[in-house]
Amino acid sequence: MLPPASVSELLTRAGEISGMTLAQLAARRGFAVPPDQQRHKGWTGTLIESALGAVSGSQPQPDFPALGVELKTLPVGRGGRPRESTYVCVAPVDGRPQSWATSLVRRKLTCVLWVPVEGAAAIPLGERRIGTAFLWRPTEAEESQLCADWAEIMEAITIGELDRISARHGKWLQLRPKAADARARTRAPGADGMPGQTLPRGFYLRSAFTARILARRSATIRLPAAWPGR
DNA sequence: AGCTGATCATAT
DNA sequence: ATATGATCAGCT
């Protein structure tokens, strides 16, 4: 699938897969449906990427570079609440000065195509349905808060106090481990200004934030949101 | 039940 | 090791 030439085309593609089950889309894309996600955590995201023509690979940039749009699947449980936090990107813990304006977090969150997917544990993976995708941009207030969260975390990193930052920090944007396991290490400034190492981290959006995003959509778009009653 | 810290697969 | 796609699983 070639990348969409426009945001309009991207939305059209998203509309064409909404309502489908993951098994149906998997068949169309030639994906095998795993029994569960225990060893296939990124399966849904990769499948949706494939269907929409996202640029594959592990590049630190939005999924649709030409459009400046990032793609995120959002597992939604009963009650319409996100079942998980949303990974944004790796956190630069090397201590180099960064600015919010050019940060990867901001670039990724400037424009996101959210694709809700049924995520209730009771529904077999293949039977989960793809919801109605929608384009989102942070409001000024949201970006201001995201920037504040980001700045607090980045400040701690810069002065070598990354280890005092836990997932409890940040109203909407938090820092959490992002590694193969707890023994993984990456370069980071030490408390004394000397080179050191630490567990790699990533930025994540709290589910309370993505819940707001979903709620705003509901309020903006005419009901019935008619989410399949399962 | 929700949250934090840990973990899994894959590509480069 | 670093980046992507995320969810898992133990603890409060």
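Residues numbered from 1 in each chain as written. Chains lettered and ligands numbered in written order. Predicted model: local features only at pLDDT ≥ 70, side-chain atom pairs only at ≥ 80, totals over all residues. Heavy atoms only, no water.

## Some thoughts on the sheet that holds strand β1 (residues 70–76)
Selection criterion: By this definition, two strands are paired if DSSP reports at least two bridges between them. Starting at the N terminus, helices and strands are each numbered in turn, a helix being any DSSP run of H or I of at least four residues and a strand any DSSP run of E of at least two. Fitted lines through C-alpha atoms serve as axes, helices being fitted only where they are in contact, and the angles separating the N-to-C directions of these axes extend from 0 to 180 degrees.
Within the open sheet, the three strands sit side by side as β1-β3-β4. Their pairing is mixed. A single partner strand is all that each edge strand has here, and the edge strands are β1 and β4 (134–136). Going across the sheet, the axis of each strand differs from the next one's by a mean of 35 degrees, ignoring polarity. Bridge count between strand β3 (residues 112–118) and β4: three bridges; the pairing is antiparallel. Note that in β4 the partner of Trp114 across the bridge is Phe134.

## Remarks on the protein's contact with DNA strand C
Rules: We call a residue near a molecule or strand whenever a single non-hydrogen atom of that residue lies within 4 Å of it. Pairs of N or O atoms within 3.5 Å make up the polar contacts considered here, provided that, within protein, one atom can donate a hydrogen while the other can accept it, and that residues adjacent in sequence are counted only when both atoms are side-chain atoms. In this count, Pro and Cys sit with the nonpolar residues alongside Ala, Val, Leu, Ile, Met, Phe, Trp and Tyr, while Asp, Glu, Lys and Arg are called charged and the others, Gly among them, polar.
Lining the immediate surroundings of DNA strand C are 27 residues, of which Asp63, Tyr87, Lys178, Thr186 and Tyr204 lie closest. Per the 4 Å cut-off to the protein, sugar and phosphate atoms form 64% of the nearby atoms of DNA strand C. Glu70 places a side-chain nitrogen or oxygen 3.3 Å from a phosphate oxygen of DNA strand C. Here Thr186 contributes a side-chain N or O atom positioned 2.7 Å from a phosphate oxygen of DNA strand C. When residues of the surface near DNA strand C are traced back to their parent elements, those giving at least two are α3 (43–52), β1, β2 (86–90) and α4 (104–109). Grouping the constituent residues of the surface near DNA strand C by class yields seven nonpolar, 10 polar and 10 charged.

## Digging into the pattern of salt bridges
Note the cut-off: Only one rule defines a salt bridge in this text: a Lys or Arg side-chain nitrogen within 4 Å of an Asp or Glu carboxyl oxygen. Type-normalised accessible area, obtained with a 1.4 Å probe on protein chains alone, sets the label of each residue: buried when under 20%, exposed when over 50%, and partly exposed for intermediate values.
In total, this model carries nine salt bridges according to the counting rule given. Linking Glu142 and Arg212 is a salt bridge whose minimum nitrogen-to-oxygen distance equals 3.7 Å. Here Glu142, found in helix α5 (residues 140–158), pairs with Arg212, found in helix α6 (residues 207–220); they are 70 residues apart in sequence, far enough to count as distant. Asp181 serves as the salt-bridge partner of Arg183, at 3.7 Å between the closest nitrogen and oxygen. For Arg183, a relative accessible area of 66% gives the class exposed. Through salt bridges with shared partners, a single ionic network connects Glu142, Arg212 and Arg216.

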